[in-house]
Structure formats: structure tokens, C-alpha cells
Amino acid sequence: MEIAGVVERVERIADVRADAAADAGLISSGLVAVREIEAWCAAQHAGLVAQLRVVESFPEKTIAEAARSSLGQASKSTERSTTLESTPKLAGALGDGAITAGHIDAVTRTSKKLDAAQRRELLERADALAAVAAAATVDEFARRLELEATKLQTGDGMDRLERQRRATRLSTWVDVEGMWNLRGRFDPVTGVKLAARLDNAVDTLFAESTPSTAPEDPAEKQHHLRALALAHLIDGAVAGGGSKGRAEFVVVIDADNPHRPGPVAEFSIPVEIPPRVLATLAGDADVHAVVVCNGVVLYAPGELNLGRTTRLANRAQRRALRGLYSTCGIPGCAVHYDRCKLHHIIWWSNGGNTDLDNLIPVCSVHHANIHHDGWTIELGPNRQLTLSLPDGTIHTTGPPHRRTAA
């Protein structure tokens, strides 16, 4: 779409908005014009991102700052740009307003499920389906892409099972209602075992009585009972589940809070719990105090320096670093601490120790950047972070503060 075409659509939208007597057909034409402009803008955005990726090693930071978005959203922009570079016909269709950014994102999502060779083939097939995408909704196009992906993965049963095992995933998050959510995808073998354990737990726990919290709707009731059964299985309350688990709370005592004078204590828990319930829960939990000051852990229980005895950090070290970080240690990254890995500043393979002052939490994306893309990080005496990128760019931060993290 040329600039003149964009201007023509802007004028059409303005005309419709100014027409108080516009009918549904005219308003619909205005909505189509908006969709086409949004697609054109998405194509330009992807092109700018492609240019940026050539000159910057950490383009997500610039994208996030320019768009006033998070690094996670910026990463999606780079993924979309990468997909468009491999699908020129779809890129042209997006620039012409024939398809939407959602169609491109559907290609990206589907391609992630495949190995490298299959991914390349899928991108070629998706590009050949540009005309199909132009006539289909995003959901319809996504289903077509899934069909193409299934064709690429056709093989004997063991090959498919191995792919399914590699595709096994589990994610957790807290929604806007404060509910802790869990979503999982499991290979059939694991799924059968989990389903059997859940069914057995439901039968064992609720054979004689149903909890008062259960909904009246039969389907919703079963969902509720299975959720409770899963919680019991994890907690070890059902036979075969092991000993009953205990909650763990970390009390962070900040001896140098910049916002208020004097030490400030806070509970480090991943979800919001009513104070009265929290008090009861804490009475049967393992409570640990971590004292921090200006980026330094002054006190934390357990062994914090393991030297070369083990590569993996222990619970005491994770607990201590939780007192300093609420998110990934890379500047601006909002990935929660619980989803981060503890990275050795001096790599284990280079003789680094598994000691507290050699560990920092980083998300999986930035962990890959450090190990494969030439990113280097250093820590000062108060955990001031210096991030050096291959293009020579250097980012620095002061000591970490849990309260100021995103």
C-alpha cells in the first residue's frame, strides 16, 4: 500500500466519523479502512524492527522504550519481524492491508512447535497460502496452519510420541482476580498416568461427601473436584503422594529502603492472600527471614556458598536472592523471579563457583542471550549490574530493589 492509499483510508474514516447519518454499510467501510491501516502500520513496525536488529544487539529494549511496552511485548515484535523476513508474500499482503498482524502471529506460534527443518518447510507453505490468509479469519488460518504442521510431523507412532514428549509444557500465572492458574500440555503416556491418578484421587477423597465449595452444575462440579484432587496430590495428602508438603514464606527485611526510613519487612509470596488466612497459613509454614541492604544479603539461613561442590544452586541460595530480586536481573525484564534460572556470572564451565555473589536470576530468553549471543554481565560490590552487548552497547543499573522491580 502506497502512502496515498493510507491517506485515502484516513480520509474515508474521517468522513464516516463526521457523518451522523452514516448507515451500517458506510460504518463497515470505515472499519475496514481502520483494519487496513493497522495492518500497514504493523508491516512498517516489523520493517523498523528488522532494521533495528541489524544495528543493535538488544533491540527489545529500544522497542519497549519507544512503544512504552514491556520487554515481553517487544520480544513478540522481533518474532513477528523474523517471521515476515521468511515469508515475503505474507509480508506484502500485510503491507497491503489484505491480512492482519494476527495472521502473522499465527504462523509464528505454529512454527515454534516444530523442529528447525519442519519450521523452514512450514514457513514456505504458509507463504504460499497468502491468498488463503487474505480470505480467512485469523482462527481459520491458524487451523489451516495446524493442519500443515500435522502433515509435516507425520511419521511412525514412536516419532510422534517423542515429539509430543518434547512439546510437554506447564505454565502458571496469577490472573486479574488473584487466582493462581495452571495450564499444562502432556504427551499421551504421561497424560494417561496423570488422568488415572486424578480419577483415583477424586474417587478416594469425595466418594462419601462433596465439599461445600463445589458448584451445583455437574460439569463445573467435576472441574472443581479435580482441581481439589490435584492440590491434594501435590500436597501429598493422597496415598502415594508422599509426606504432606509445607508452604514456605520468605520475610524480606530491607534495612535500606529508599522510600521509608528504617528497616521494612515484607512477605515474599506469589499471590495475594487475605491477612487472616495468611496468619493461619503462616502458623503451619516454614518461615525464613532474609535481611538485605543496598543490594547485599546481610543474613539468610542455610549454606550460601557451595564452591565447586555442585553446579546447581540450593534452596537457601534461591531464597536469599529472592530477597533482592522480584524479577529477572536484566534491566527492564518483568519475568517473575520464580520463572528465572540462577546464572553463574563466571560460568561454571569456566571455573566459576556456585556461591551467592556469583549467581543472578535471569529468564530463559536472557539466559540464552548470555550463553549464545555474546552478552556478558558483571556485578559490582552492591550487585550493580553491567550488561555489555556485542555491538559495544553497555547498560548499567544500581543495586537491585525488590520494590522498584516491574
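Structural data are supplied above this passage.
Below, the structure is looked at part by part. Computed from a predicted model, the values in this text were never measured in an experiment.

What the protein contains, in helices and strands, is 15 helices and 11 strands. Out of the 406 residues belonging to the protein, those deemed buried represent 35%. By sequence separation, contacts in the protein at least 24 residues apart represent 53% of the contacts at least 6 residues apart. Carbon and sulfur atoms make up 55% of the accessible area of the protein, which totals about 23,400 Å².

What follows is about a negative patch on the surface. Among the surface-exposed residues, Glu-11, Asp-15, Asp-19 and Asp-23 lie close enough to one another that they form a single negatively charged patch. Relative to the helices and strands, Glu-11 resides in helix α1 (residues 3–18).

Counting 37 residues, the largest nonpolar core has Val-297, Leu-321, Ile-330 and Ile-377 as its most contacted members. Breaking this core down by element, the ones donating at least two residues are α2 (24–55), α3 (59–67), α4 (71–86), β3 (248–254), β5 (286–293), α14 (315–322), β8 (359–362) and β10 (385–388). In this view, Val-297 contacts Val-290, Val-291, Val-292, Ala-320, Leu-324 and Leu-356; residues no more than four positions away in its chain are not counted. Residues Ala-39, Ile-99, Ala-126 and Ala-142 belong to the second largest nonpolar core, which totals 22 residues.

Moving on: the packing of aromatic side chains. The tally for this structure, following the rule as stated, stands at one aromatic pair. Note on Phe-58 and Trp-375: the rings are 4.6 Å apart at their centroids and 55° apart in plane angle, and the pair reads as tilted. Of this pair, Phe-58 sits in the loop between α2 and α3 while Trp-375 sits in the loop between α15 (364–372) and β9 (376–379), and the two are 317 residues apart along the sequence. The exposure class of Phe-58 is buried, given its relative accessible area of 2%.

A few words on the pattern of salt bridges. Opposite charge on two side chains lets them pair, provided their charged atoms get close. Under the counting rule described, the total for this entry stands at 15 salt bridges. Two residues, Glu-8 and Arg-12, come together in a salt bridge whose shortest N-O distance is 3.2 Å. Within this pair, Glu-8 and its partner Arg-12 are both found in helix α1, separated by four residues, close to a single helical turn. Its relative accessible area of 36% is what places Glu-8 among the partly exposed residues. A salt bridge links Lys-151 to Glu-148; the shortest N-O distance between them is 3.8 Å. Taken together, the residues Lys-151 and Glu-148, both in helix α9 (residues 138–152) and three residues apart, mark about one turn of the helix.

Criteria and cut-off values
Residues numbered from 1 in each chain as written. Predicted model: local features only at pLDDT ≥ 70, side-chain atom pairs only at ≥ 80, totals over all residues. Heavy atoms only, no water. Helix = DSSP H or I, 4+ residues; strand = E, 2+ residues; numbered from the N terminus. Buried < 20%, exposed > 50% of the residue type's maximum accessible area, 1.4 Å probe, protein only. Contact = heavy atoms within 4.5 Å. Areas by Shrake-Rupley, 256 points an atom, 1.4 Å probe, with all protein chains shown as cover. Patch = residues over 30% accessible without salt bridge, like charges linked within 9 Å, V, L, I, M, F, W, Y side chains within 5 Å. Salt bridge = Lys/Arg side-chain N within 4 Å of Asp/Glu carboxyl O. Lys, Arg positive; Asp, Glu negative; His and termini not counted. Charge placed at Lys NZ, Arg CZ, Asp CG, Glu CD. Core = buried A, V, L, I, M, F, W, Y, C linked by side-chain atoms within 4.5 Å. Phe/Tyr/Trp six-rings, centres within 6.5 Å; stacked < 30°, edge-to-face > 60°.

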